[in-house]
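Inside the fold
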Amino acid sequence: MRPAIRPATADDLPALVALDEVCFGSEAWSTVSWTGEFERRSEDRVILVADEGAVVGYVVLLVPPVALDVVELLRIAVTPAERRTGIGGQLMTAALAQCSGRTVLLEVAASNESAVGLYAGFGFEEISRRRGYYAGGEDAVIMRWREDA
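In this report, we go over the structure that sits alongside the text. (Residues numbered from 1 in each chain as written. Predicted model: local features only at pLDDT ≥ 70, side-chain atom pairs only at ≥ 80, totals over all residues. Heavy atoms only, no water.)

With the rule as written, the count across this model stands at 9 salt bridges. Put simply, Arg75 and Asp20 hold a salt bridge, and the shortest N to O gap is 3.1 Å. Note that Arg75 is positioned in strand 4 (residues 70-78) and Asp20 in helix 1 (residues 13-24), a separation of 55 residues in sequence. Judged by relative accessible area, Arg75 falls into the buried class, the value being 10%. Measuring nitrogen to oxygen at the nearest pair gives 2.9 Å for the salt bridge that ties Glu126 to Arg129. Each of Glu126, Arg129, Arg131 and Asp139 takes part in salt bridges that share partners, so that together they form one network. (Salt bridge = Lys/Arg side-chain N within 4 Å of Asp/Glu carboxyl O. Helix = DSSP H or I, 4+ residues; strand = E, 2+ residues; numbered from the N terminus. Buried < 20%, exposed > 50% of the residue type's maximum accessible area, 1.4 Å probe, protein only.)

Once that is clear, we can look at the packing of helix 1 against helix 2 (residues 31-39). Where helix 1 meets helix 2, the closest approach of the two axes is 10 Å, and the angle between their N-to-C directions is 130 degrees. The angle between the axes of helix 1 and helix 2 places the two elements in the oblique class. Classified by chirality, the crossing of helix 2 by helix 1 is right-handed. For the pair formed by helix 1 and helix 2, the contact residues are Leu13, Leu16, Val17 and Asp20 on the first element and Thr31, Trp34, Thr35 and Phe38 on the second. Here the contact of helix 1 with helix 2 is built from residues that sort into 5 nonpolar, 2 polar and 1 charged. (Axes fitted to C-alpha atoms, helices over the stretch in contact; angles between N-to-C directions. Parallel < 35°, antiparallel > 145°, perpendicular 65-115°, else oblique. Left-handed = near helix turned anticlockwise from the far one by under 90°. Contact = heavy atoms within 4.5 Å. Nonpolar A, V, L, I, M, F, W, Y, C, P; charged D, E, K, R; others polar.)

The mixed open sheet is built from 7 strands, whose spatial order is 1-2-3-4-5-7-6. Lying at the two open borders of the sheet, with one neighbouring strand each, are strand 1 (4-7) and strand 6 (125-130). The mean inter-strand angle of the sheet, taken between neighbouring strand axes irrespective of direction, is 25 degrees. Sheet topology places strand 5 (residues 103-109) next to strand 7 (residues 140-146); 7 bridges connect them, and they run antiparallel. For Ala109, the partnering residue across the bridge sits in strand 7 and is Ala140. Helix-sheet contacts for helix 2 involve strand 2 (45-51), strand 3 (55-62) and strand 4, and the interaxial angle to strand 2 is about 110 degrees. Here helix 3 (residues 87-97) sits on the sheet and contacts strand 1, strand 2, strand 3, strand 4, strand 5 and strand 7; the angle it forms with strand 4, its principal contact strand, is near 160 degrees. (Pairing = 2+ DSSP bridges.)

Once that is clear, we can look at the pairing of strand 5. When you tally the buried positions in strand 5, you get 5 out of 7 residues, the bulk of the element. With 3 bridges joining them, strand 4 and strand 5 adopt parallel strand pairing. If you follow Val70 over to strand 5, its bridge partner there is Thr103. For the crossover from strand 4 across helix 3 to strand 5, the handedness is right-handed. (Right-handed = clockwise from strand over helix to strand, strands pointing away.)

So, in structure tokens, the structure goes:
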């Protein structure tokens, strides 16, 4: 059964915090950070969740006013037990549907080959690197998607 992709609600906050901790460890957003993301939803944040009776994935977008044409994909995660089942692709499809006519930027650790592959499969292209950006000196890969590309 494919999960439902839906906008996150405040009731999802504990599940999002927990999933973020599992997926990102020491780089996880705090409960305070997640609360801030929820507070900004009406302004410029889109938070979508994959729901199978429990939250099994999410994506967070920074979507500025229409006058600005660049959207940032801030975060995407799928619970380890559900990876490689298509949920990441479902979340990406739903996220990109929010970005019609805009460019989407994201950053990803160079060593995260599965994420880089997912993004490339959706037409994202590497446009630059931030050398030594992450703890331990790992590079961040900056990728761009354009609907017309």
